[in-house]
Amino acid sequence: MKRAGRVAGAVLALVLGLPVRALAAPDAGVPDAGVTGAPRFAWPRLQVIAHVESSDIVEAGGIPVALRAVHVKENVRDLVQRFADAFRDGGLYVPPGKEQPQYANNAVMLTALDPKRRITYTVVMMPQADGTTMLYLGEANHALARPPESAAGDFAPLPPKAHGVLRVNTEGSRTLTFEVPLTGPQVDAFYDDALAKAGWKKGDEPGLYSRSGAELRLTHQPGKDGQRGVVIIHQQR
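One structure accompanies this document, and this report is about it. The shown structure was predicted, so the numbers you read here are calculated from the model rather than taken from an experiment. (Residues numbered from 1 in each chain as written. Predicted model: local features only at pLDDT ≥ 70, side-chain atom pairs only at ≥ 80, totals over all residues. Heavy atoms only, no water.)

**Focus on the overall build of the protein chain**
Here's step 1: Along the protein chain, the regular secondary structure elements total three helices and eleven strands.
Here's step 2: For the protein chain, the succession of helices and strands along the chain, N to C, is α-β-β-α-β-β-β-β-β-α-β-β-β-β.
Here's step 3: Out of the 237 residues in the protein chain, the part that is buried amounts to 45%.
Here's step 4: Contacts in the protein chain between residues far apart in sequence, at least 24 positions, make up 56% of those at least 6 positions apart.
Here's step 5: Of the roughly 12500 Å² of accessible surface on the protein chain, a fraction of 52% belongs to carbon and sulfur atoms. (Helix = DSSP H or I, 4+ residues; strand = E, 2+ residues; numbered from the N terminus. Buried < 20%, exposed > 50% of the residue type's maximum accessible area, 1.4 Å probe, protein only. Contact = heavy atoms within 4.5 Å. Areas by Shrake-Rupley, 256 points an atom, 1.4 Å probe, with all protein chains shown as cover.)

Listed below in structure tokens is the structure:
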């Protein structure tokens, strides 16, 4: 359960704050007068084994996001087509595969846009060893976006040349994500030094740091053009 929470935080920070302009829907525009009368998209019914986390509204880069995680019986292959069909049948714009954001760790991601309401729907599908699937379902309402918070008060420093910074705040945790032109060892070395100076102690697990009443977890993975995607999650203990 704890691990699922950390994964959900990373998924939220990496993909659910996706700018609506990145989806480039050909008919996107200002909501029209009839949009309030049209039914909103509803997630397809699935064979749910367990609700891993309760539904919650959090803020990612100034954008309110509803995120929930469920464990379902269906396998990833069936779910990809199921969600693609549901998005299209629901009248959403589904970008071509090459325009879809990607996620590592063998997960499959699919995002669609309601261009009138300016809501993006994202599903991340993580296959399990027994053939079942962990699903992370997110709805980001860009129509209600407000200016994101500034860097003041960040719980961890950013390396030089860090860009694409996204700040996510939830009850009991905060998340920073960004890209930086560094290697994995360089990212680790930067934070080993910077966090030690800030009073954090390195834990037994890679990327884990702690101090009185708080835990910090650092993960990163290679990106395009020599960039590295970094996710830092701060949680109260």
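**Observations regarding the nonpolar core**
Here's step 1: Ranked by size, the top nonpolar core spans 21 residues in total, and within it Trp43, Phe83, Phe87, Leu110, Val123, Met125 and Leu135 carry the most contacts.
Here's step 2: If you list the elements that add at least two residues to this core, you get β2 (63–72), α2 (76–89), β3 (108–114), β4 (119–127) and β5 (133–141).
Here's step 3: Examining the composition of this core, we find that six residues originate from one element, α2, more than from any other.
Here's step 4: Beyond its immediate sequence surroundings of up to four residues, phenylalanine 83 is in contact with Trp43, Pro44, Leu46, Leu110, Val123, Met125, Leu135 and Leu137.
Here's step 5: Core analysis: the next-biggest nonpolar cluster, separate from the first, contains 15 residues, Ala156, Tyr191, Tyr209 and Leu216 among them. (Core = buried A, V, L, I, M, F, W, Y, C linked by side-chain atoms within 4.5 Å.)

**Some points on helix α3 (residues 184–197)**
Each turn of an α-helix holds 3.6 residues, which means side chains three or four residues apart point in the same direction.
Here's step 1: The terminal C-alpha atoms of α3 lie 20 Å apart, and with 14 residues this matches the ideal 20 Å at 1.5 Å per residue to within 8%.
Here's step 2: Of the residues making up α3, those classed as buried are Gly184, Val187, Tyr191, Ala194 and Leu195. Buried positions in α3, seen along its axis, are confined to an arc of 110 degrees and lie on one side of it. More than 90 degrees from the buried face of α3, the exposed residues found are Pro185 and Lys197.
Here's step 3: Those residues of α3 hidden inside the fold are in contact with β7 (173–180), β9 (208–211), β10 (214–222) and β11 (228–236). (Expected span 1.5 Å × (residues − 1). Arc of directions from axis to C-beta.)

**Observations regarding unusual backbone geometry**
Here's step 1: A positive phi angle is found at arginine 118, which is not glycine, with a value near 60 degrees.
Here's step 2: Topologically, arginine 118 is positioned in the loop between β3 and β4.

**A few points about the environment of leucine 158**
Here's step 1: You can see leucine 158 is positioned in the loop between β5 and β6 (163–170).
Here's step 2: Those residues in contact with leucine 158 that lie beyond four places of it in its chain are Val165, Arg167, Leu176, Phe178, Phe190 and Tyr191.

**Some details on the packing of aromatic side chains**
Here's step 1: Enumeration according to the criterion identifies eight aromatic pairs in this entry.
Here's step 2: Measuring from ring centre to ring centre gives 4.9 Å for phenylalanine 41 and tyrosine 121, while their planes differ by 65 degrees; the resulting arrangement is edge-to-face. A residue pair is termed long-range when its members are at least 10 positions apart, and phenylalanine 41 in the loop between α1 (2–16) and β1 (48–60) and tyrosine 121 in strand β4 qualify at 80 residues. Side by side, phenylalanine 41 and tyrosine 121 carry an identical accessibility label, which is buried.
Here's step 3: An aromatic cluster of three or more residues is present, and its members are Phe41, Trp43, Phe83, Phe87 and Tyr121. (Phe/Tyr/Trp six-rings, centres within 6.5 Å; stacked < 30°, edge-to-face > 60°.)

**So, the environment of arginine 118**
Here's step 1: Take arginine 118: its relative accessible area is 30%, and that puts it in the partly exposed class.
Here's step 2: The sequence separation of arginine 118 and alanine 143 amounts to 25 residues, and the corresponding C-alpha distance is 5.5 Å.

**Overview of the pattern of salt bridges**
Here's step 1: Going through the model one piece at a time under the given rule, you end up with six salt bridges.
Here's step 2: Residue lysine 202 pairs with aspartate 192 through a salt bridge whose shortest N-O separation is 3.1 Å. Here aspartate 192 lies in helix α3 and lysine 202 lies in strand β8 (residues 201–202), a separation of ten residues in the sequence.
Here's step 3: Judged by relative accessible area, lysine 202 falls into the exposed class, the value being 56%.
Here's step 4: Where aspartate 193 meets lysine 197, a salt bridge forms, and the shortest distance between an N and an O atom there is 3.2 Å. Taken together, the residues span about one helical turn, with aspartate 193 and lysine 197 both in helix α3 at a distance of four residues.
Here's step 5: For aspartate 193, a relative accessible area of 41% translates into the label partly exposed.
Here's step 6: Residue lysine 197 is classed as exposed on the basis of its relative accessible area, which comes to 66%. (Salt bridge = Lys/Arg side-chain N within 4 Å of Asp/Glu carboxyl O.)

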